[in-house]
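# What the coordinates show
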Amino acid sequence: QKEREEVAALGRKLFDEMEKSIDAVTISTPDHVHGLPGIRALRMGKHVYCQKPLTQNVWEAREMRRLAIEKKVATQMGNQGSAGSGLRRAVEVIQ
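Residues numbered from 1 in each chain as written. Predicted model: local features only at pLDDT ≥ 70, side-chain atom pairs only at ≥ 80, totals over all residues. Heavy atoms only, no water.

## Some points on the nonpolar core
Selection criterion: Think of a nonpolar core as a cluster: buried Ala, Val, Leu, Ile, Met, Phe, Trp, Tyr and Cys residues, connected wherever their side-chain atoms sit within 4.5 Å. Relative accessibility decides the category of a residue: with a 1.4 Å probe and only protein chains considered, values under 20% of the type maximum give buried, values over 50% give exposed, and everything between is partly exposed. Helix and strand labels come from DSSP, where a helix needs a run of H or I of at least four residues and a strand needs a run of E of at least two; each type is numbered from the N terminus. Contacts are residue-level and defined by heavy atoms, with any inter-residue pair within 4.5 Å sufficient.
Membership of the largest hydrophobic core comes to 14 residues, with the highest contact counts inside it found for Phe-15, Val-25, Ile-27, Ala-41, Leu-42 and Val-48. Of all elements in the fold, only strand S1 (24-27), helix H2 (35-43), strand S2 (47-51) and helix H3 (58-71) reach the threshold of two or more residues within this core. Residues in contact with Ile-27, not counting those within four places in the same chain, are His-34, Pro-37, Gly-38, Val-48, Tyr-49, Cys-50 and Gln-51.

## A closer look at the pairing of strand S3 (residues 75-78)
The line we're drawing: Note on pairing: DSSP must find at least two bridges between two strands before they are called paired. Look down the strands so they point away from you; if going from the first strand over the helix to the second traces a clockwise path, that crossover is right-handed.
Sheet topology places S2 next to S3; four bridges connect them, and they run parallel. By the bridge assignment, Gln-51 is partnered in S3 with Gly-78. Read from S2 through H3 to S3, the crossover connection turns out right-handed.

Dropping the structure here:
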């Protein structure tokens, strides 16, 4: 819980200081703290790229979807583990 609160405080500080100078955010925090920074960014009308897992509960997921539609911003969830050359080579071999 303490780690989640510390990360949230840092995220709030960054958003407050940079709100007018950014168009989008990428969220690559520890797994259990992706949803709330994503929601904060979406409320500000920022595009969001978020690592998986996107959220920790259904409410966070639904709120992110609602805000993305309302603010008309692009969102994407990714997994950087699938971007490595080893996995790409495995796909080539299988194909």
